[in-house]
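Residue-level structure breakdown
Spelled out from the first residue to the last, the chains are:
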Amino acid sequence: MIEVEDLYVALGGRDVLNGVSFDVPAGRFVAVVGPNGSGKTTLIRTLFRAVAARSGRVRIDGRDLLAYERRALAQTVAVMRQETELEFDFTARELVMMGRSPYKRLLDSDGPEDVKIAEAAMDETETLALADRLFRTLSGGEKQRVLLARALAQRPRVLLLDEPTNHLDVRHRLQILALVRSLGVTVLAALHDLSLADRFADGVVMLDRGRVHAAGAPAETITEANVRAVFGVRARRADGILAFDLEET
């Protein structure tokens, strides 16, 4: 479903992504992990054309990313970005309803089916009780769940998530990722928590300074050697559970 081939992206005169290549099979959940500054967010932003690649190619469903008309791309790919700091003057319900805009023409009103889909997305993310609250008055975790509901309201085949568990408590972190995994859509999620990537992802792409250091199944990628080389910490796996320690000096 997603093919990334030899992708180079430059920001501010320097390469942020350097020859990144990997595939995400249809219906699979792949996590992108790496230290801060490794290029996770830039990669996600490139895949929905918020950032232009210097070279390389991205295909979605066998079609070049640049060949998609904007509306067709929005019907195929939904994005949950790190934007909870923005001050929206909309209610949570209004924001989620915006997820239906790719399916409507300019000035079209919301139909019963749009309302049904949006409310189902809010029910899935436990945000129906927030429907009439202004988005800017919500807590960080509440905002994250509303933004995910908006993405789900698009009924996408591909879901791009940039740190979707930011500001969430433990319960909602587990709930959101379990929900995302159950959707049956193709998911690429930038995650900072290796334990969550190990638990929920079908595959992992580990970035280090803009390059793919390792890629594959979680157990093959989140290894002691890879974690030490990329993150500078020790990783131990016992009874299927990951634990991390600082390297001894």
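Right, let's walk through the structure included here. (Residues numbered from 1 in each chain as written. Predicted model: local features only at pLDDT ≥ 70, side-chain atom pairs only at ≥ 80, totals over all residues. Heavy atoms only, no water.)

Strands sit in the order β6-β7-β8-β3-β9-β10 across an open sheet of 6 strands; the sheet is mixed. The open sheet terminates on both sides in strands that have one partner only, identified here as β6 (77-80) and β10 (211-216). Neighbouring strand axes in the sheet, compared pairwise and without regard to direction, differ in orientation by 15° on average. Running over the sheet, helix α5 (residues 140-153) touches β6 and β7 (158-162) and is turned about 175° from β6. In the packing of helix α6 (residues 170-182) onto the sheet, contacts are made with β3 (29-33), β7 and β8 (186-190), and the angle to β3 comes to roughly 135°. (Pairing = 2+ DSSP bridges. Helix = DSSP H or I, 4+ residues; strand = E, 2+ residues; numbered from the N terminus. Axes fitted to C-alpha atoms, helices over the stretch in contact; angles between N-to-C directions. Contact = heavy atoms within 4.5 Å.)

Despite not being glycine, Asp61 shows a phi value in the positive range, around 55°. Within the fold, Asp61 resides in the loop between β4 (55-60) and β5 (63-64). One non-glycine residue, Arg209, adopts positive backbone phi at about 55°. Of note, Arg209 is situated in the loop between β9 (203-208) and β10.

Of the residues making up helix α9 (residues 224-231), those classed as buried are Asn226, Val227 and Val230. All buried residues of α9 project into a common sector of 95° when viewed along the axis, lining one side. Looking at the buried positions of α9, the neighbouring elements they touch are α7 (194-200), β9, β10, α8 (218-221), β11 (233-238) and β12 (241-246). (Buried < 20%, exposed > 50% of the residue type's maximum accessible area, 1.4 Å probe, protein only. Arc of directions from axis to C-beta.)

As a further point, take the packing of aromatic side chains. Here the structure, examined in full by the defined rule, presents 0 aromatic pairs. Stacked on the ring of Tyr68, the Lys or Arg Arg63 has its end atom at 4.4 Å from the ring centre. (Phe/Tyr/Trp six-rings, centres within 6.5 Å; stacked < 30°, edge-to-face > 60°. Lys NZ or Arg CZ within 6 Å of the ring centre and 35° of its normal.)

Turning next to the sheet that holds strand β1 (residues 2-11). One open sheet accounts for 4 strands, arranged β2-β1-β4-β5; its pairing is antiparallel. A strand with exactly one partner marks an edge of an open sheet, and here the two such strands are β2 (14-24) and β5. For β1 and β2, the ladder comprises 8 bridges, and the chain directions are antiparallel. Counterpart to Ala10 in the pairing with β2 is Asp15. Lying on the sheet, helix α1 (residues 40-47) is in contact with β1, β2 and β4; it crosses β1 at an angle near 115°.

With that settled, the discussion passes to α1. Burial of α1 is extensive: 6 of the 8 residues sit out of reach of the surface. Along α1, the residues that are buried comprise Lys40, Thr42, Leu43, Ile44, Thr46 and Leu47. Arg49 sits one or two positions beyond α1 and adopts a positive phi of about 65°.

Under the counting rule described, the total for this entry stands at 17 salt bridges. Ionic pairing is found between Arg136 and Asp89, a salt bridge with its closest N-O pair at 2.9 Å. Of this pair, Arg136 sits in the loop between α4 (112-124) and α5 while Asp89 is found in the loop between β6 and α3 (92-97), placing the two residues 47 residues apart along the sequence. Judged by relative accessible area, Arg136 falls into the partly exposed class, the value being 37%. Classification of Asp89 as exposed rests on a relative accessible area of 57%. For the salt bridge of Asp110 with Lys104, the shortest nitrogen-to-oxygen distance reads 2.1 Å. Relative accessible area serves as the criterion here: at 40%, Asp110 is assigned to the partly exposed category. Among the residues examined, Lys104 registers a relative accessible area of 16% and is labelled buried. Each member of the salt-bridge network shares a partner with another, and the members are Arg93, Glu119 and Asp132. (Salt bridge = Lys/Arg side-chain N within 4 Å of Asp/Glu carboxyl O.)

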